[in-house]
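Okay, here's what each chain looks like letter by letter:
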Amino acid sequence: MHKNMDEGIRYILVGVLTTLVNYIFYGGFDFLFEKIGVASVISYKLAYGVAFVAAVLFAFFANKYMVFRKKGGKLFQEILSFFGLRVASGIASFFLLVLLVDVLRLTHTMGWILSSAINLIVNYIGSKFFIFRS
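What you see is a predicted model, and the numbers here were worked out from it, not measured in a lab.

Is there a simple way to explain the nonpolar core in this structure?
Soluble globular proteins tend to pack their nonpolar side chains together in the buried interior. Counting 15 residues, the largest nonpolar core has Tyr 11, Phe 60, Val 67, Phe 68, Phe 82, Ile 131 and Phe 132 as the members making the most contacts within it. For this core, the elements supplying multiple residues, two or more each, are α1 (3-35), α2 (40-67), α3 (75-103) and α4 (108-131). Counting residues per element, this core draws most heavily on α2, which supplies five residues. Filtering out sequence-adjacent residues up to four positions away, Tyr 11 remains in contact with Asn 63, Val 67, Phe 68, Arg 86, Leu 120, Asn 123 and Tyr 124.

Structure representation (structure tokens):
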């Protein structure tokens, strides 16, 4: 299999696993926070924050070692860059979604699919050429 195709498949697989990590942490912590008495108006927001951090940490290590197979490097700098990219691309993806739905009048689903696809591409390019470059 072509190296870049193999890398792309690994990237998609890690994305699916990252989504699972996010859902598991979100659901688990939302349940836990409610069980210990955190108000529901706050519990899901805290759970979202925990899930985001867990998913991005998982994605970082999985991308570094499984997708791009990068050994060594400045770990702290890479983690900060990775988090920065994910936060920035997430914000940009949100505004793209608003543009697609509110201005271009696409359906919510189509807007989400397009903004998510563009976000996936941006994150891959950013990770490959800036964060985990050889």
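Would you take a moment to explain the packing of aromatic side chains for this structure?
Two measures describe an aromatic ring pair: the distance that separates the ring centres and the angle between the ring planes. This structure, assessed with the given rule, holds 13 aromatic pairs. Plain terms: the ring middles of Phe 68 and Tyr 124 are 5.8 Å apart, the flat faces sit at 35° to each other, and that makes the pair tilted. Separated by 56 residues along the polypeptide, Phe 68 in the loop between α2 and α3 and Tyr 124 in helix α4 bring together distant segments of the chain. Judged by relative accessible area, Tyr 124 falls into the buried class, the value being 19%. An aromatic cluster is defined as three or more aromatic residues linked by ring pairs; in this entry it consists of Tyr 11, Phe 60, Phe 61, Tyr 65, Phe 68, Phe 82, Tyr 124 and Phe 132. Between Lys 128 and the ring centre of Phe 129, over which it is positioned, the NZ or CZ distance is 5.7 Å.

Quick question: what am I supposed to make of α1 here?
In this model, α1 (33 residues) spans 47 Å end to end at C-alpha, consistent with the 48 Å of a helix rising 1.5 Å per residue. Within the span of α1, buried status applies to Glu 7, Arg 10, Tyr 11, Val 14, Thr 18, Val 21, Asp 30 and Phe 33. Residues of α1 that are buried make contact with α2, α3 and α4. Looking one or two places after α1, you find Gly 37, whose phi comes out positive at around 95°.

Scoring rules and cut-offs
- Residues numbered from 1 in each chain as written.
- Predicted model: local features only at pLDDT ≥ 70, side-chain atom pairs only at ≥ 80, totals over all residues.
- Heavy atoms only, no water.
- Core = buried A, V, L, I, M, F, W, Y, C linked by side-chain atoms within 4.5 Å.
- Buried < 20%, exposed > 50% of the residue type's maximum accessible area, 1.4 Å probe, protein only.
- Helix = DSSP H or I, 4+ residues; strand = E, 2+ residues; numbered from the N terminus.
- Contact = heavy atoms within 4.5 Å.
- Phe/Tyr/Trp six-rings, centres within 6.5 Å; stacked < 30°, edge-to-face > 60°.
- Lys NZ or Arg CZ within 6 Å of the ring centre and 35° of its normal.
- Expected span 1.5 Å × (residues − 1).

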